[in-house]
Amino acid sequence: MLHGKHLIAGEWTGSATTFSSEPAHGPAHDFSVGTPELVDRAVKAAEEAFWSYGYSTRAERAAFLNAIADEIDARGDAITEIGTQETGLPQARLIGERGRTTGQLRLFASHILNGDYLDRRHDAALPDRQPLPRPDLKLVQRPVGPVAVFGASNFPLAFSTAGGDTASALAAGCPVVVKGHSAHPGTAEIVAQAIEAAIRSCGLNPGVFSLIQGGKRDVGQALVTHPLIRAVGFTGSLAGGKALFDLCAARPDPIPFFGELGSVNPMFLLPRAVSARGEAIARGWAGSLTMGAGQFCTNPGIAVVMAGEDAEAFSAAAVAALQPVGAQTMLTDGIASAYRAGRDRVAAAAGVRELLTSTCDLRNAIPYLYRVSGKDWLDNHVLGEEVFGPLGLIVTVSDFDEMVRIAHSLSGQLTCTLHMDDGDTAQGKALMPVLERKAGRVLANGYPTGVEVCDAMVHGGPYPASTNFGATSVGTMSIRRFLRPVCYQNMPDALLPDDLR
């Protein structure tokens, strides 16, 4: 059952004002609006919980993560029902995303039991070393303290209440305060109920997790500027993330802001590959571009190809593959409106030619396809800005040197992709030093939508793809965001953390 309240340290708490959800279909529900006062209560409870949870064993935290996964699965039907209503996403997508959410919780539980993430190091004492002796030095990663997490609009489960940021912070030993996204508050509440049940079954301090729904900018600002918050996880727009990032940097005690802010995820199509299988590449691109109405941060919005007959054939094949795709429901009215604004921005740029366009309105999106020369791309940096939705832009370059200049002109990306055959190896090698400086993940002969949750995954990149190029928000390495190294010198074993004994 939904009661429309916040979860603050084990108590379901209302507030004076409410907001109504705006589902794609089905009934709307009322939810309490968050306030800075509620933020203060939740963060203080998280700090109190840290004194036990931050010093819990890895086995205890693993049991908690597994319990959350079990409780989410137990509510699977209810989550799917309200998730599809609130977001318009199909049932199969919500079921798959729930599996990803519980899967990463269980993966993180297994990972911390292994202990490798602690990066334990020991330099034994050298008392007889000349000219000076060396003390005994031990190092281990320790949790930073309470973490703020902002739910994402496009992933109501995997990047929201119990998603990757929350799971990795809890795995590290950090209590979490979540600012729920107003696009799917009912989904957030049911997941919070699952976490609450896991807290009770594991006998943990209830301040280890809180959920605050709704609220205006003052709620987000109060959360990231609260003196007890030690790090922030965020997935969302460049404008919103940059504002919060600046607040974190301007604090009297600046804290890390791990923001994933978007990307155009360019694909570079090399000549032999386009000649041999350009039509297949175009079909694959169309499928990736329109998956989930293009509402993925890894949506490949740009295809760079050398001008000529093969480029013409590729463009025609892309149009043919995109034409039959009908209107899809977007996550919110605001996202749909922003998609249309992005379309208008691209269409108005100098040298841009329409290949496929039509009319979409209300909360719907249809695919758009445009084309521009490499020269016009280089002259207009607005074409390198993300359009969140199924919009593709083909950039035709005059030669390989211009393709390399396109690569150099890119801002930071989550992904860059090479489509290449064996005969393209020399050009691929020439591009690779540039692409690996631009992106956190570089692909060959694939499409970046679909981010595997595993040890080797990097979901991040140079700014503005993310605000911390040395981190990932997906995969087991994401846990390291919420840890810091501590060195212990000549410390008696009795005083060391359990993980160093």
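Everything discussed here concerns the structure shown above.
What you see is a predicted model, and the numbers here were worked out from it, not measured in a lab. (Residues numbered from 1 in each chain as written. Predicted model: local features only at pLDDT ≥ 70, side-chain atom pairs only at ≥ 80, totals over all residues. Heavy atoms only, no water.)

Visitor: Please explain the pairing of strand E18 (residues 391-397) as it appears in this structure.
Guide: Where a strand is regular, its side chains alternate between the two sheet faces. For E18, the buried fraction is high: 7 of the 7 residues fall into the buried class. A two-sided burial pattern is seen for E18, the buried positions comprising Leu 391, Leu 393, Val 395 and Val 397 on one face and Gly 392, Ile 394 and Thr 396 on the other. One ladder, built from 5 bridges, connects strand E13 (residues 302-306) with E18; its direction is parallel. Counterpart to Val 304 in the pairing with E18 is Val 395. For strand E17 (residues 368-373) and E18, the ladder comprises 6 bridges, and the chain directions are parallel. (Buried < 20%, exposed > 50% of the residue type's maximum accessible area, 1.4 Å probe, protein only. Helix = DSSP H or I, 4+ residues; strand = E, 2+ residues; numbered from the N terminus. Pairing = 2+ DSSP bridges.)

Visitor: How should the packing of helix H7 (residues 217-225) against helix H8 (residues 238-250) be read in this particular structure?
Guide: Angle between the axes and distance between the axes are the two parameters that describe a pair of packed helices. Two elements in contact, H7 and H8, have axes whose closest approach is 9 Å; the angle formed by their N-to-C orientations is 35°. For H7 against H8, the interelement crossing comes out right-handed. Of H8, the residues touching H7 (which contributes Gly 220, Gln 221, Val 224 and Thr 225) are Leu 244, Leu 247 and Cys 248. Across the contact of H7 with H8, the residue classes break down as 4 nonpolar, 3 polar and no charged. (Axes fitted to C-alpha atoms, helices over the stretch in contact; angles between N-to-C directions. Left-handed = near helix turned anticlockwise from the far one by under 90°. Contact = heavy atoms within 4.5 Å. Nonpolar A, V, L, I, M, F, W, Y, C, P; charged D, E, K, R; others polar.)

Visitor: Please clarify how the side chain of His 184 should be interpreted in this entry.
Guide: Tracing the backbone shows His 184 in the loop between strand E8 (176-179) and helix H6 (185-202). Dropping the residues within four chain positions of it, His 184 is found in contact with Glu 86, Thr 87, Ala 152, Ser 153, Pro 156 and Ser 160.

Visitor: What is the right way to look at helix H9 (residues 271-290) in this model?
Guide: Working note: α-helix, 3.6 residues per turn, so residues spaced by three or four point in the same direction. For H9, built from 20 residues, the straight-helix expectation of 28 Å at 1.5 Å per residue is missed by more than 12%, its first-to-last C-alpha distance being only 25 Å. Its axis deflected by about 90° at Arg 277, H9 carries its strongest bend there. Just past H9, the residue Gly 292 takes up positive phi, approximately 60°. (Expected span 1.5 Å × (residues − 1). Bend = angle between axes of the 7 residues up to and from the residue.)

Visitor: Looking at this model, I keep getting lost on the sheet that holds strand E20 (residues 439-444). Mind explaining?
Guide: In a beta sheet, neighbouring strands pair by backbone hydrogen bonds and run either parallel or antiparallel. The strand order across the open sheet formed by 7 strands is E15-E17-E18-E13-E12-E19-E20, and the pairing between neighbours is mixed. Only two strands of the sheet have a single neighbouring strand rather than two, namely strand E15 (353-356) and E20. Within the sheet, the average angular offset between the axes of one strand and its neighbour, ignoring direction, is 20°. Here strand E19 (residues 413-419) pairs with E20 via 5 bridges, running parallel. For Thr 417, the partnering residue across the bridge sits in E20 and is Leu 443.

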